[in-house]
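In case you want the letters, here they are:
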Amino acid sequence: TIPPLPPSGHLAYVYDDGGNRPFSHYDKSPPLGECEGDCDDDNDCAGDLKCFQRSGTEAVPGCASGDSIYGQDKSGKDYCYSADPLLQYVYDNTCEQVPPDGLCTGSKPLQQCEGDCDRNGNCAQGLYCFQRDEGVTSVPGCSGTPPDPMSGYDNDKDYCTIPPLPPSGHLAYVYDDGGNRPFSHYDKSPPLGECEGDCDDDNDCAGDLKCFQRSGTEAVPGCASGDSIYGQDKSGKDYCYRDTPATSPPTQSPTSTCAPTPAITPPPTGPATYIPGENTLFEADLNLSTGLRAEVIAWSGQKVVLSSGQVSAESFHGKPDGAAVFADECGGGWTYVSNCEEGGSSSYTGGVGALYFNAQNEVVDYKMIQKSTRRNCSGGKTWWNTWVTCEETNGGGVYEVHPKNNNPNIKRKTLLGQNGRNGGHYEGVAYDNRFPDDANFRPKLFLTEDTSSGPLERFQPSVQALADAKASGDYSNLLHIDPDNTAQTDYLLITPDANIDTQGTFIWTSSLSAGRDNANSYFQNCEGIDVRNGMLYMTCKADKLLFILNLDAMTYIQSSTKSGAFNDQPDQIAAITGVNGDIMYFCEDGISGGNSGVSGSGVHARDATGQGYTILQDEGNGLAGETTGLAFSPDRKLMIVAYQQGRIYKIWREDGRPFGGQTLDIRYHSAPDNIFAFAE
């Protein structure tokens, strides 16, 4: 009798263009459905199905034969099929769940529609791992239903498949000139659009887009990676991007241009209660000087609690490091910019975060303003109020970012550290711009490098770029262009005095190798740097030294920091703070050993007489890590300091008065039993 129509997924011979249709209730005309035949070409198949050509009884992808039951697998007849591969469960970490006998028949990297995968990296290039729950019975780009695992296990396995085409603004690998275009629905030919690749040169990109050349997975300006979701950020592949015009400054104002100016409040009238160095209070895991209070306002990995009672959209970054404060252009609110020292030579998980404060010194927002960089250690402010952040890693760079930048994925690499160098372990930046109105004075920026042969670099911007910046008031390109070939980079060479080796003279040389040799001989692993009133201060941790360079007289002195910075140098303190009783604040690494036992990092100070003070300290070393990022609010009523373990503290005076004195952006490295260790 007439055989039953085969169930879905089985071959069904329902049409023959020669009129040889086998049974009346099979009588069907194209377009044919999946597993139906006989077709002659793809046009006979419905939708995006294709016609599988056969010379005999070859298996049709995604279709069961069932010929012994239904008699429909006709030799030489062709059947419509889905071009998508059939789901196959061929691998997992233990193999014990893999049907039919608990043995893996596949291996990583898994091919399209193979499972079980745990992450994109388990899949072949161009594929991503489609995560599914047990109730999800289909996988995009694959045919069939997810196979059942061995008895006793849930059918929730994940499969490698074609990733969805990324949304606009994300990297999309849509073309390869070698013909290796990964998937048909990505098949595109040049000119390619923004964030699309692989391009070979600018001619492959549409309009005024350019081809961003990469050797690995470097961030593409203006494009989000999204690799964990879309799997399209292919190492070594190049992508089209929009080259930001050199005259365009970074976007500003994440919320509003300026915070409201606070109402003028009368100064405190009560007695002053702050006694630097008299450590009488323990709060928030810190030993504090009398009259101080402390509170943690940000924790790494957690969203920041805002004054509104809400939390920030982003979690606070890990390993906070160098930092600075920027007042709003019109006064009132301010920004605390903080480096993130996460990442490594090939791990771009560092960057820069920003805490935003209102006029009442309350936190109102937090976000990352620079992403996709590595081990952002320290940096420095510019005189036009941007932040220069340094990568302390192999091949590191120096980048400029506005404290209210809205495009964190765009990296603006500066000319610092690039004069013949292949990057470096860069640390701190300081500038000398004492005479901005003097046409004969060229401003200078200084850069330290934390290696045994890391030179001190002096950079002088292009004469033309400086003139243009002064004329327009726009300094956003000063560190990025050299239109007249006058930008100058040179390196420090010191010569110790023949009789007193702690002082001497210095010159600047254009020879990088000479600068490296000199650093290796006299000042290894320099980190903190600051410039005040024509004096450059630099700390070098290898030999625990503080160098003070007179930039005009071309002389220097050096001293040990083993008993604290500026030990026996009250004149240097007075030169910075004046002689009116102000004190100078700076950070110190923790110590161990000696009679003192163990003491954690803290904030310390000296006054104009040379007296040292411990302002605050993690005396029990419970926070484990250095202090850094010391800065004050514009009204100096808040001290902000970071413990690199992952905390940002605000410190304030109970008497309501501002902190006097100044900060110096150095960090000294003490030896056991220095005078600050356990101040009474």
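Small disclaimer: the values here were computed from a predicted structure and weren't measured.

Asker: Is there a simple way to explain the sheet that holds strand β29 (residues 503–509) in this structure?
Answerer: Pairing between the strands of a sheet comes from backbone hydrogen bonds, and it takes one of two forms, parallel or antiparallel. The strand order across the open sheet formed by nine strands is β25-β26-β27-β28-β29-β33-β32-β31-β30, and the pairing between neighbours is antiparallel. At either end of the open sheet lies a strand with only one pairing partner, and these are β25 (426–432) and β30 (526–532). Neighbour to neighbour, the strand axes of the sheet diverge by 25° on average, direction disregarded.

Asker: Hey, could you run me through the sheet that holds strand β19 (residues 334–340) in this one?
Answerer: On the basis of which strands lie adjacent, the open sheet formed by four strands has the order β18-β19-β20-β21 and antiparallel pairing. Each edge of the sheet is formed by a strand with only one pairing partner; in this case those strands are β18 (320–327) and β21 (363–373). On average, each strand axis in the sheet is inclined to that of its neighbour by 20°, with strand direction left out of account. Where β19 and strand β20 (residues 350–357) come together, seven bridges link them in antiparallel fashion. For asparagine 339, the partnering residue across the bridge sits in β20 and is valine 352.

Asker: Whenever I open this one, the nonpolar core confuses me. Can you help?
Answerer: For soluble globular proteins, nonpolar side chains are generally found buried alongside one another. Judged by nonpolar contacts, the single largest core of 23 residues is most densely connected at Leu286, Tyr585, Ile615, Met639, Tyr649 and Ile651. Contributions of two or more residues to this core are made by β14 (286–290), β15 (292–299), β34 (583–588), β37 (602–607), β38 (612–617), β39 (627–632), β40 (639–643) and β41 (647–653). The contact partners of tyrosine 649, leaving out residues within four places of it in the chain, are Ala284, Asp285, Leu286, Ala294, Glu295, Val296, Leu623, Met639, Ile640, Val641 and Tyr643. Phe446, Trp508, Val531 and Leu536 belong to the second-largest nonpolar core, a separate cluster that totals 20 residues.

Asker: Would you explain the environment of lysine 541 in this entry?
Answerer: On the secondary structure map, lysine 541 appears in the loop between β31 (535–540) and β32 (545–550). On a C-alpha basis, the gap between lysine 541 and glycine 528 in space is 9.3 Å, while along the polypeptide they are 13 residues apart. For lysine 541, the side chain forms a polar contact with the side chain of aspartate 450, separated by 2.9 Å.

Asker: Any chance you could explain the pairing of β37 here in plain terms?
Answerer: Where burial is concerned, most of β37 is hidden: six out of the six residues are buried. Along β37, one buried face is formed by Gly602, His604 and Arg606 and the opposite face, lined by Val603, Ala605 and Asp607, is buried too. Alignment of β37 against β38, held across five bridges, turns out to be antiparallel. Bridged to alanine 605 within β38 is tyrosine 613.

Asker: Sorry, what's going on with the packing of aromatic side chains here?
Answerer: Given two aromatic rings, their pairing is described by the distance between the two centres and the angle made by the two planes. In this structure the tally under the stated criterion is 18 aromatic pairs. Here tryptophan 383 and tryptophan 384 contribute two aromatic rings whose centre-to-centre distance is 4.8 Å and whose plane-to-plane angle is 85°, an arrangement assigned as edge-to-face. Here the two residues tryptophan 383 and tryptophan 384 agree in accessibility, since each one is buried. Centre to centre, the rings of tryptophan 383 and tyrosine 475 are 6.4 Å apart; their planes meet at 80°, and the pair counts as edge-to-face. Of this pair, tryptophan 383 sits in the loop between β22 (376–381) and β23 (387–391) while tyrosine 475 sits in the loop between α3 (463–472) and β28 (488–496), and the two are 92 residues apart along the sequence. Clustering of aromatic rings is evident, with ring pairs tying together Tyr274, Tyr585, Phe632 and Phe659. Seen from the ring of phenylalanine 632, arginine 636 lies directly overhead, with NZ or CZ sitting 4.3 Å from the centre. Between lysine 650 and the ring centre of tryptophan 652, over which it is positioned, the NZ or CZ distance is 5.4 Å.

Asker: Can you walk me through the state of the cysteines in this structure?
Answerer: What we call a disulfide is simply a covalent bond connecting the sulfur atoms of a pair of cysteines. One pass over the full model with this rule turns up eleven disulfides. The side chain of cysteine 199 participates in a disulfide bridge whose partner is cysteine 211; the two sulfur atoms lie 2.1 Å from each other. Taking the torsion about the sulfur-sulfur bond, which here is approximately 90°, the covalent link between cysteine 199 and cysteine 211 counts as right-handed. Residue cysteine 199 is located in the loop between β10 (196–197) and β11 (210–212), and its partner cysteine 211 is located in strand β11; the two are separated by twelve residues in the primary sequence. Accessibility classification places cysteine 199 together with cysteine 211 in one group, the buried group.

Asker: I would appreciate a short explanation of unusual backbone geometry in the present structure.
Answerer: Most peptide bonds take the trans form, and the phi angle of most residues other than glycine is negative. Going from proline 99 to proline 100, the amide bond is cis rather than trans, its omega being 5°. Residue placement: proline 100 occurs in the loop between β5 (88–89) and β6 (114–115). Here lysine 108 and proline 109 are connected by a cis peptide whose omega angle stands at 0°. Assignment of secondary structure puts proline 109 in the loop between β5 and β6. With a phi close to 75°, cysteine 113 is a non-glycine residue in the positive phi region.

Asker: Looking at this model, I keep getting lost on α3. Mind explaining?
Answerer: At 3.6 residues per turn, the α-helix brings residues three or four places apart onto the same side. Of all the residues in α3, the buried ones are Ala465, Leu466 and Ala469. The buried residues of α3 occupy an angular sector of 100° when projected down its axis, which confines them to one face. Just past α3, the residue glycine 473 takes up positive phi, approximately 80°.

Asker: Please clarify how the side chain of threonine 373 should be interpreted in this entry.
Answerer: On the secondary structure map, threonine 373 appears in strand β21. With residues up to four places along the chain from it excluded, the contact list for threonine 373 reads Ser347, Tyr348, Thr349, Gly350, Gly351, Glu391, Tyr399 and Lys411.

Asker: Please explain the environment of glycine 222 as it appears in this structure.
Answerer: If you trace the backbone, glycine 222 turns up in the loop between β11 and α2 (227–230). When the C-alpha positions of glycine 222 and tyrosine 241 are compared, they lie 6.8 Å apart, and in sequence the two are 19 residues distant. With residues up to four places along the chain from it excluded, the contact list for glycine 222 reads Gly169, Cys195, Asn409 and Ile410.

Asker: I would appreciate a short explanation of helix α4 (residues 512–522) in the present structure.
Answerer: Turning to α4, its buried residues number three or more, namely Leu512, Gly515, Asn518 and Ala519. Looking straight down α4, one finds that the buried residues subtend no more than 125° of arc, so they occupy a single side. The exposed set on the far side of α4, more than 90 degrees from its buried face, consists of Asp517 and Ser521. On its buried side, α4 packs onto β28 and β29.

Asker: Whenever I open this one, the pattern of salt bridges confuses me. Can you help?
Answerer: Opposite charge on two side chains makes pairing possible when the charged atoms of those side chains draw close. This model, assessed by the stated rule, comprises 25 salt bridges. As a salt-bridge pair, lysine 650 and glutamate 295 come within 3.9 Å of each other at their nearest N and O atoms. Taken together, the residues lysine 650 in strand β41 and glutamate 295 in strand β15 connect sequence positions 355 residues apart. Residue classification places glutamate 295 among the partly exposed residues on the basis of a relative accessible area of 37%. With a closest N to O distance of 3.3 Å, arginine 532 and aspartate 530 form a salt bridge. With relative accessibility at 11%, the residue aspartate 530 sits in the buried group. A single network of salt bridges, built from pairs that share partners, joins Glu194, Asp208 and Arg242.

Rules used in this analysis
- Residues numbered from 1 in each chain as written.
- Predicted model: local features only at pLDDT ≥ 70, side-chain atom pairs only at ≥ 80, totals over all residues.
- Heavy atoms only, no water.
- Pairing = 2+ DSSP bridges.
- Helix = DSSP H or I, 4+ residues; strand = E, 2+ residues; numbered from the N terminus.
- Axes fitted to C-alpha atoms, helices over the stretch in contact; angles between N-to-C directions.
- Core = buried A, V, L, I, M, F, W, Y, C linked by side-chain atoms within 4.5 Å.
- Buried < 20%, exposed > 50% of the residue type's maximum accessible area, 1.4 Å probe, protein only.
- Contact = heavy atoms within 4.5 Å.
- Polar contact = N/O pair within 3.5 Å; in protein donor to acceptor, adjacent residues only side chain to side chain.
- Phe/Tyr/Trp six-rings, centres within 6.5 Å; stacked < 30°, edge-to-face > 60°.
- Lys NZ or Arg CZ within 6 Å of the ring centre and 35° of its normal.
- Disulfide = S-S within 2.5 Å.
- Arc of directions from axis to C-beta.
- Salt bridge = Lys/Arg side-chain N within 4 Å of Asp/Glu carboxyl O.

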